[in-house]
Amino acid sequence: MLNNILKNWSKYSVRTIFITFCLAALIFSGLISMLIGSDSSWDLRNYHLYNPYAFVEDRIAIDIAPAQLQSYPTPLADLPFYLLFTLLNDHPRTMTFILGFSYGICLILLGLIAFQLAHLLQPLQRWVFTGLVIIIGSSGAATVGLIGSTVNEMPMTMFLLASMAMIIYRITHRGNQSINPLLTFFIAGMLAGIPAGLKPTYGILAFGIGMGVVWLFIIRTLPFSAVVACALGMFVSFLAVSVYWMLTLYEQFGNPLFPYFNDIFKSSMAKVNRFADTRFIPGNLSDALLLPFTLWTKEHPPMGGPPIRDLRVGLAIISVTGMLLFAVIKYARSKITHTSNNLRINNGFSFLVCVFVVSYFLWVYSYAIYRYILVLEILSSILIIYPLFLLVRRPLAQYFMLTVLSLTLLLTTIPNTWNTEARMFFYGRNHDNEKYIDVNAPEVEDNSLVFLVGPDPMAFFIPFMNPSARFIGIHNNFLSLNDTNATIDKIHDLVAEHDGEIYAFISNPGSRHNNS
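Because the structure is predicted, anything quoted here is derived from the model rather than measured.

## Some remarks on the overall build of the protein
Logical step 1: If you tally the helices and strands in the protein, you get 21 helices and five strands.
Logical step 2: In the protein, buried positions account for 53% of the 516 residues.
Logical step 3: Of the contacts made within the protein by residues no fewer than 6 positions apart, 72% connect residues no fewer than 24 positions apart.
Logical step 4: As displayed, the protein has an accessible area near 24000 Å², and 65% of this comes from carbon and sulfur atoms.

Listed below in structure tokens is the structure:
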């Protein structure tokens, strides 16, 4: 009866529900961001404020690595935050509310993906599936911990989800020619290329989406022209958001990715080093496959960041592996017994499986830092739940298993805002500040040299200081006075020729965990 009612709902009713959901998701995301509090992370104190400030004030040739190694990534990704900072720093709750919107948009896009993916299910199943995907996908450990954060994982994930939503919509509505299919894939490619250009760690996820489109061509779901359109879109948007900064870095330092991959470009301004963080990369295939399970089995999982607990990515690996084995066995049995293979895997689901598998292995052998696969944690909800709807036929058994699974995932998740030792749920966040970033900056004389000494973040107070001063970071993750390169020579020359005041701010070793 309920299926019949839902089936008879008009497109107008569905559209009304969607608009209502969009508004509710944005309001909810803003409120939950306010509840969690304003960001005071290490990355914000190090470069998410300084880099866009330096870009706007054209300080790339003035300061020397005040934000350490992170002084040189493209500042474009941080410009929206910097704009909010300049307009709303005196209104921290409003600013925090707005910063939560990217989370709400991710929820909307995840709901769109799930609803389109479930178009062959019964109406009740379709709504239940979509609802569970949103609940489980929105409550992951990394996801909750990054709501309202300034580290840009959520906005980048937003672009990737939008790209996948467009691709899945197109392959589930192949008869709809209201929009040119090639234009759809070109725009989807552009959406995937933007995060790759703004934050290079997302290049692996854009590549995963590209391989997903190639897979759809291999299984004859898409023409080759769709693959070309998607790849072209990625290339165009990647260049659009990255080429200016790459040329700037090349002009200043002789390396368009400075200081990264300096073992290839060999700029004299930095060590001949790749500057890649390989601390968490597993040593073999079994460790790579088991890595997500360390989120539950180890107190301090080897994936960077605060300790968290989450089963989603691990269960997604089990679900995908089991689904593939079942499909192979089903296919082999149909060939041996000469019977029909009645297992039909949704092309959209197979696309997401391909994106997940390719992106996961690229990530695990490139970084293995958990927050970089935020999008895979969110998509894990689909990869875990959809096979249950496909393989479990009896509704009672289906809903029982879904209930148990959902409760297990929700009750065992511990986000990275929870710190067991500090007994703080919103660890690394502020709630009582009169300003979003409130700094009592020390005064320095005009045209002085200011050395930021040590590995802890201090660049966040530069926008509040005398703009005529030059700031130099040393003895950090990028520069040491013991190094031998052109940057160190430049520092020596600056000191030798300087006739004004020289200051040294030495970091407190315990400041990494202090709010500021």
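So much for the structure itself; the text now carries on.
## A look at empty space enclosed by the protein
Logical step 1: As enumerated under the stated definition, the model contains four cavities of 30 Å³ or more in all.
Logical step 2: As a volume, the largest cavity reaches approximately 130 Å³.
Logical step 3: Surrounding the largest cavity, 16 residues form its lining, Y50, A54, I60, S71 and Y72 being those nearest its centre.
Logical step 4: Ranked by residues supplied to the lining of the largest cavity, first place goes to helix α4 (residues 50–56) with four residues.

## Brief notes about the environment of G454
Logical step 1: With respect to the secondary-structure elements, G454 resides in the loop between β3 (449–453) and β4 (470–474).
Logical step 2: Separated by 51 residues in sequence, G454 and F505 place their C-alpha atoms 8.7 Å apart.
Logical step 3: Setting aside residues up to four positions removed in sequence, G454 forms contacts with Q68, I474, H475, N476 and S507.

## Considering a nonpolar patch on the surface
Logical step 1: A cluster of nonpolar side chains, namely L232, F235, V236, F238, L239, V243, Y244 and L247, defines an oily patch on the protein surface of about 720 Å² accessible area.
Logical step 2: Within the fold, F235 resides in helix α13 (residues 224–253).

## Quick word on the packing of helix α7 (residues 101–117) against helix α19 (residues 374–391)
Logical step 1: With their axes 10 Å apart at the nearest point, α7 and α19 run at an angle of 25 degrees to one another. Considered as vectors, α7 and α19 are oriented roughly parallel to each other. Here α7 and α19 pass one another in a crossing that is right-handed. Contact with α7, carried on its side by L110, I113 and L117, involves I378, S381, I382 and Y386 of α19 and no other residues of that element.

## Remarks on the sheet that holds strand β5 (residues 502–506)
Logical step 1: Strand order in the open sheet formed by three strands is β4-β3-β5, and the pairing between neighbours is parallel. Two strands in the sheet have a free side with no partner beyond their single neighbour: β4 and β5. With strand direction ignored, the average angle separating the axes of adjacent strands in the sheet is 20 degrees.
Logical step 2: With five bridges connecting them, β3 and β5 associate as parallel partners. Its bridge partner being in β5, V450 is matched across the sheet by Y503.

## Some words on a negative patch on the surface
Logical step 1: A grouping of E443, E445, D446 and E501 is seen on the molecular surface, where their side chains present a negatively charged patch.
Logical step 2: Relative to the assigned elements, E443 resides in the loop between β2 (429–430) and β3.

## A look at the side chain of N485
Logical step 1: Checked against the element boundaries, N485 lands in the loop between β4 and α21 (486–497).
Logical step 2: Not counting chain neighbours up to four residues away, the residues in contact with N485 comprise S268, M269, A270, K271 and L479.

## Re helix α12 (residues 203–218)
Logical step 1: End to end, α12 covers 22 Å across 16 residues, agreeing with the expected 22 Å (1.5 Å per residue, within 8%).
Logical step 2: Among all positions in α12, only I204, L205, A206, G208, I209, G210, G212, V213 and L216 are buried.
Logical step 3: In this structure, the buried side of α12 is in contact with α10 (153–172), α11 (181–198), α13, α18 (347–364) and α19.

## Thoughts on the nonpolar core
Logical step 1: F129, M164, F351, L352 and I382 are the most contacted members of the largest nonpolar core, which totals 95 residues.
Logical step 2: With 13 residues, the single largest contributor to this core is α19.
Logical step 3: Contacts of L352, omitting those with residues within four sequence positions, involve I113, L117, M164, I168, L379, I382 and L383.

## Some details on the pattern of salt bridges
Logical step 1: Per the stated rule, a full pass over the model turns up eight salt bridges.
Logical step 2: Connected via shared salt-bridge partners are D43, E153, K199 and R371.

## Brief notes about the packing of aromatic side chains
Logical step 1: In this structure the tally under the stated criterion is 25 aromatic pairs.
Logical step 2: Ring geometry for Y50 and Y53: centres 6.5 Å apart, planes at 55 degrees, overall tilted. Taken together, the residues Y50 and Y53, both in helix α4 and three residues apart, mark about one turn of the helix. Assigned by exposure class, Y50 and Y53 land together as buried.
Logical step 3: Positioned over the ring face of F115 is R126, at 3.7 Å from the centre of the ring.

Parameters and conventions
Per chain, the residues get numbers from 1 upward, laid out in the order the sequence is written. Local features in a predicted model are, by the rule used here, given only for residues with pLDDT of at least 70; side-chain atom pairs are given and counted only at 80 or more, and totals for whole chains, interfaces and linings are based on all residues. Hydrogen atoms and water are omitted, and side-chain values are computed over all heavy atoms in the structure. The secondary structure listing takes helices from DSSP runs of H or I that are at least 4 residues long and strands from runs of E that are at least 2 residues long, numbered from the N terminus. Only protein chains enter the accessibility calculation, which uses a 1.4 Å probe; a residue whose area is less than 20% of its type maximum is buried, one above 50% is exposed, and one in between is partly exposed. Contact definition: two residues touch when any of their heavy atoms are within 4.5 Å. A 1.4 Å probe and the Shrake-Rupley method give the accessible areas. Residues count as covered only by the protein chains that appear here. Put simply, the grid is 1 Å and covers the protein atoms alone, a cavity is a trapped set of points that fit a 1.4 Å probe, a pocket is an open set with protein on both sides within 12 Å along at least five of seven lines, and lining residues have an atom within 4 Å of a point. Grid points are joined across faces, edges and corners, and a volume is the space filled by probe spheres set on the points. In this scheme, patches are assembled from residues that exceed 30% relative accessible area and form no salt bridge. Like charges are connected within 9 Å, while nonpolar side chains (Val, Leu, Ile, Met, Phe, Trp, Tyr) are connected within 5 Å. By salt bridge we mean one thing: a side-chain nitrogen of Lys or Arg within 4 Å of a carboxyl oxygen of Asp or Glu. Think of each axis as a best-fit line through the C-alpha atoms, taken over the contacting stretch in the case of a helix, with angles from 0 to 180 degrees between the N-to-C directions. We call two directions roughly parallel when the angle between them is under 35 degrees, roughly antiparallel when it is over 145, roughly perpendicular when it lies between 65 and 115, and oblique otherwise. Crossing handedness: left-handed means the near helix sits turned counterclockwise from the far one by under a right angle, and right-handed means the same turn made clockwise. Two strands form a pair only when DSSP identifies at least two bridges running between them. The positive count covers Lys and Arg only, the negative count covers Asp and Glu only, and His and the chain ends enter neither. Think of each charge as sitting on NZ of Lys, CZ of Arg, CG of Asp or CD of Glu. Expected span, for any helix, means 1.5 Å times one less than how many residues it has. Think of a nonpolar core as a cluster: buried Ala, Val, Leu, Ile, Met, Phe, Trp, Tyr and Cys residues, connected wherever their side-chain atoms sit within 4.5 Å. Two rings from Phe, Tyr or Trp (for Trp, the six-membered ring) form a pair when their centres are within 6.5 Å of each other. A pair whose planes differ by under 30 degrees is stacked, one over 60 is edge-to-face, and the rest are tilted. Charge-over-ring contacts are defined here by two conditions on Lys NZ or Arg CZ: a distance within 6 Å of the ring centre and an angle within 35 degrees of the ring normal.

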